[in-house]
Amino acid sequence: MLRRLSASLSKKPEVHILVVGLDNSGKSSVIAQLKPKKVVAGAKGEAKLETTPTVGFQVEEFQYNNLSLTCFDMSGQSRYRSLWEHYYSGVEAIIFVLDSSDKIRMCVAKNELEELLSHEDVNANPIPIIFFANKMDIKDAMTALECSQLLELDRITNRPWHVTPCNALTGEGITEGVEWLACHVQPASSKCKQQRENHRKM
Amino acid sequence: MAPWLHAHYDKLAGIRAHAGGIALAEVEGGEGALVVADYARKLRVFKGTRQTAEIPLPPSSEIPSGVCGFYMDDKKIPAIGVASGPHLYVFRCLRPYHKYTAPPVEADALEAKVWRSEEMSPADIRTALAAAHAEGAKLGPRSLAMLPLTSESKQRAHVERVSKIPTTVETTITCTTTLPKASEEPHAMSCVVLGTESRKVIVLEPSAKAALCEVEVPAPPAILRAAGCFDVDWRVYVACRDARVYTITIGDHRGTAVIRKPHLELEAQPAGLVVKDKHLYVATADSRVACYLLKGRRHKVFSLAMPAPVTNMELLVVRKARQVTVLLVALANGEVRVYRDKDLVDVLRVNEVVAAMTSGTYGREDNTLILVTQNGSLLVKMLPRTATFEVGSTTAKGGPPPEQDVPLDIPKRTRLYLDQIDREKANAPAIFRTFQKDALKLKIATATAYLQLRDDDTANPDDNTANDDDDDNNNNNNTAAAALTLAAKVNGLGPFFHIVLEVRLNAGLTSPLRDLPVVLSYDPDLYRTSRPAATLPLLIPGIAAHAIFEIECIDESKPAHPIAISVLGHEEEEEEEGSDDDDDDDDDGDDDGDKPLVSSTLIMPQSETLD
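Residues numbered from 1 in each chain as written. Chains lettered and ligands numbered in written order. Predicted model: local features only at pLDDT ≥ 70, side-chain atom pairs only at ≥ 80, totals over all residues. Heavy atoms only, no water.

If you check an unreviewed UniProt entry, chain B appears there as Bardet-Biedl syndrome 1 N-terminal domain-containing protein from Chrysophaeum taylorii.

Taking an unreviewed UniProt entry as the reference, chain A is identified by name as ADP-ribosylation factor-like protein 6 belonging to Chrysophaeum taylorii. Comment text from UniProt for chain A, heading Sequence similarities (unreviewed entry), reads "Belongs to the small GTPase superfamily. Arf family." (UniProt positions renumbered as here; feature names shortened; annotations may be inferred.)

Written out as structure tokens, the structure is:
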């Protein structure tokens, strides 16, 4: 009994993150930047800039600072976007990656975001959501502010959210975003404990 | 309701093109771009929200008639063909690459012979041409220009001018489309198909350097649509200017083409043509869209009436779990209607007339609809993932209304009803005759009554004078009653009321009455008004005069009291000015001076106090 308690205390808090966004927005690249560098370097060589379109989804588990992250890297292709909603219920944070150079498809991203936010599993749960305005290196890219205006992010009032510009090729801006997320996320274990307590009170 | 996402709207794009002048094609780098053959003799390329390239066509070229993207070889390098005049300009990597010229039209044999002969004088040439023309030969423009020239010098000048030019005439490409060569995969080689003013349909090699085959159709083609693969089996549907749709297909052996019967007779000029699975949809200039079966005898499956003329028709293939193909019909009233088979599933309101429309992959997004309006604006609409064009998903009318399926509540036939039927069957002639007799009687009665009314009407004024002569006192009231009609009503709940009077001249009075006073007489303890009397405006036969009095109930505890309303005659014995008896009344003026022309008592409602 005591041993189990000590084990659970020593274990890093586990956070499940859902990574969504349109196809070609750079979700897999963002995750590649999040992963500890040595793993990437060991597996695929020094510069892992090339990513192939994700099919279905991929699960990445890794340690980030003192958090144990489980990322669900969803495919953004329109035929796989219907998979997203199956993962809404068990996550503690959402990463929404935007291609800030693809202005014409911002309306599609907005539509998908609205679908996501209006889904009952997300709507009932005030989990934080971070928007990575990716591809800041491209000449015609919009600023993070423009992105948030196009997506009408100010209409999200029931959960913490944040927009951060980034460049998933160089890793610029990713750390800031994840740090924000780490501040606002409620790890699964503590949440479970809270829920249990609530139950007992009732 | 509208499922479309409004991706982009550029009012100032300044695109001037018609239905065939825009296409979604790959230009370079894998992403779908919009290519526009602009009337300004330019090839314009749009990517995302901006124009990325603009290539001028050669200065001698004409207004482009069509644009299409195709693949010339297995290298998957996209090429763009722009049809302008007799030429198809091919661009590759946004650079001019090659030019194909449609074969010129050979002059009529007789005509050519006339022009070739060296020894004929200009006058002889003209006579020979006139003879050929009379025989029904189709003459070229040079001969047609020659026919009306009568003076020797002009004829000679014309002959000298044109003799250096070959007798063949350049044609013009009217429409273009593409046909896959060997396979229908996305980047497979494809052939450009051209329709020309010389009534030819030409299938080009993928390299666009020579024709694979050509067919002559009975009229110049207006719209081309292709289906299938050239190497396997293919069809080219040609809507021609003779309001017929011809089918061109593979001939007896590969590389040949023939017109396959039966052709489709349209009721009006074609405005749009689309091939979907086993059906051919044709929009015609009489604002109709008809669907024909491609198999067999091409019988019409259905025909839809549109509220406005059709400007464009296009297919949109929605690739989702289930592939759905919907028909888009752009109308001259600024609507784009979405049909699934014959059911209207959505209406997109553009509020501008769509000049050109295309759908496909734009950027990375499939299911994109591109609209170019007559004002030159560019609209990009995208279809969200969740959009379903389900029948009945919109309130717009499509198909039969649901009420049609509800059975009517028809009562059962009773014994009495059946007996009645039997009786009517047995005595039909007698019943009919009785009915006729009664109907006739009714008509006579109506006519008599009408006649009576008319007689009374015209006789009335005379009657009045006659009566007045006899007996004034009584009749004055009668006359007054006959002269005026007074209707009064009370508006309001209290304590403030409006009394609205309507006074009109009765029938029979032909002269107007002027400035008649109206007086209210009421209990001053109960009611109060600032204006107990008023003057009526000019009373004209047939038009009512209105007067409104505001009256206040002072003492609400007492029961309501009636108010008397009187319309008085003039003080100078002119009460019955209009009733044609001035002379007589002069005498009795003293008696009747204060007599009202008409009076009425108005029952006032009890004032309801607000607590």
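Student: Which residues make up the environment of Ala-182 of chain A, and what values go with them?
Tutor: Along the chain, Ala-182 of chain A falls in helix α7 (residues 174–184). For the pair formed by Ala-182 of chain A and Pro-128 of chain A, sequence separation is 54 residues and the distance between their alpha carbons is 9.7 Å. (Helix = DSSP H or I, 4+ residues; strand = E, 2+ residues; numbered from the N terminus.)

Student: A description of the interface of chain A and chain B should follow, citing residues and the corresponding values.
Tutor: The interface is formed by 14 residues belonging to chain A together with 15 residues belonging to chain B. Taken together, both faces of the contact between chain A and chain B bury some 1,300 Å²; the carbon and sulfur share is 56%. When residues of chain A are sorted by the area they lose upon contact with chain B, Ile-104, Arg-105 and Cys-107 of chain A head the list and together hold 40% of the total. For the interface between chain A and chain B, the tally reads three salt bridges. A salt bridge links Glu-112 of chain A to Arg-385 of chain B, with the nearest nitrogen and oxygen atoms 2.8 Å apart. In this assembly, chain A and chain B are joined by three residue pairs in polar contact (both at pLDDT 80 or more). Classifying every residue of the side of chain A that touches chain B gives three nonpolar, four polar and seven charged. (Contact = heavy atoms within 4.5 Å. Buried area = accessible area lost by both parts, 1.4 Å probe. Salt bridge = Lys/Arg side-chain N within 4 Å of Asp/Glu carboxyl O. Polar contact = N/O pair within 3.5 Å; in protein donor to acceptor, adjacent residues only side chain to side chain. Nonpolar A, V, L, I, M, F, W, Y, C, P; charged D, E, K, R; others polar.)

Student: Tell me what's going on with the nonpolar core, and back it up with residues and numbers.
Tutor: Counting 48 residues, the largest nonpolar core has Ile-94, Leu-116 and Phe-131 of chain A together with Leu-34 and Leu-378 of chain B as its most contacted members. For this core, the element with the most residues is helix α4 (residues 106–118) of chain A, which contributes seven residues. Each residue touching Leu-378 of chain B, except ones within four places of it in the same chain, is listed here: His-8, Tyr-9, Asp-10, Ala-13, Ile-15, Leu-34, Phe-46, Ile-370, Leu-371 and Val-372 of chain B. Among the nonpolar cores identified, the runner-up in size contains 29 residues, and Val-503, Leu-505, Leu-520 and Met-604 of chain B belong to it. (Core = buried A, V, L, I, M, F, W, Y, C linked by side-chain atoms within 4.5 Å. Buried < 20%, exposed > 50% of the residue type's maximum accessible area, 1.4 Å probe, protein only.)

Student: Lay out the pairing of strand β13 (residues 211–216) of chain B with the relevant residues and their values.
Tutor: Two elements, strand β12 (residues 200–204) of chain B and β13 of chain B, share five bridges in a ladder whose sense is antiparallel. Paired with Lys-200 of chain B across the strands is Glu-216 of chain B, a residue of β13 of chain B. (Pairing = 2+ DSSP bridges.)

Student: Can you break down a negative patch on the surface residue by residue, with the values?
Tutor: Residues and elements named next belong to chain A. A surface patch of negative charge is lined by Asp-137, Glu-172, Glu-176 and Glu-179. Considering the arrangement of structural elements, one finds Asp-137 in the loop between β5 (129–134) and α6 (144–150). Classification of Asp-137 as partly exposed rests on a relative accessible area of 46%. (Patch = residues over 30% accessible without salt bridge, like charges linked within 9 Å, V, L, I, M, F, W, Y side chains within 5 Å. Areas by Shrake-Rupley, 256 points an atom, 1.4 Å probe, with all protein chains shown as cover. Lys, Arg positive; Asp, Glu negative; His and termini not counted. Charge placed at Lys NZ, Arg CZ, Asp CG, Glu CD.)

Student: Pulling in residues and values, what's your account of the UniProt feature "binding site: Mg(2+)" (unreviewed entry) in chain A?
Tutor: Residues and elements named next belong to chain A. Following the UniProt record, one finds the feature "binding site: Mg(2+)" (unreviewed entry) at Ser-28 and Thr-54. What stands out for the annotated residues spanning 27 residues is how close their C-alpha atoms remain, the widest pair being 7.6 Å apart. Its place among the elements puts Ser-28 in helix α2 (residues 27–34). Not counting residues within four places of it along the chain, the set of residues in contact with Ser-28 comprises Thr-51, Thr-54 and Asp-73. Locating Thr-54 in the fold gives a position in the loop between α3 (37–44) and β2 (57–64). For Thr-54, a relative accessible area of 11% puts it in the buried group.

Student: Go over the packing of aromatic side chains, please, and point to the residues and values.
Tutor: Going through the model one piece at a time under the given rule, you end up with five aromatic pairs over all chains. Summarising the aromatic geometry, the rings of Phe-96 of chain A and Phe-131 of chain A are spaced 5.6 Å apart at their centres and angled 45° between planes, so their arrangement reads as tilted. With Phe-96 of chain A in strand β4 (residues 93–99) and Phe-131 of chain A in strand β5, this residue pair connects regions lying 35 residues apart in the sequence. Like Phe-96 of chain A, the residue Phe-131 of chain A is buried in the burial classification. Aromatic rings pair up to connect Phe-57, Phe-72 and Tyr-87 of chain A into one cluster. One residue, Arg-92 of chain B, lies across the ring of Tyr-97 of chain B, its end atom 5.0 Å from the ring centre. (Phe/Tyr/Trp six-rings, centres within 6.5 Å; stacked < 30°, edge-to-face > 60°. Lys NZ or Arg CZ within 6 Å of the ring centre and 35° of its normal.)

Student: How would you sum up the sheet that holds β4 of chain A? Please name residues and give values.
Tutor: All names here are of chain A. The strand order across the open sheet formed by six strands is β2-β3-β1-β4-β5-β6, and the pairing between neighbours is mixed. Each edge of the sheet is formed by a strand with only one pairing partner; in this case those strands are β2 and β6 (161–165). Strand-to-strand, the axes of this sheet are offset by a mean angle of 20°, without reference to chain direction. As judged from the six bridges shared by strand β1 (residues 14–21) and strand β3 (residues 67–74), these two strands associate in the parallel manner. If you follow Val-15 over to β3, its bridge partner there is Leu-69. Those strands touched by α2 are β1, β2, β3, β4 and β5, and its axis lies near 160° from that of β3. (Axes fitted to C-alpha atoms, helices over the stretch in contact; angles between N-to-C directions.)

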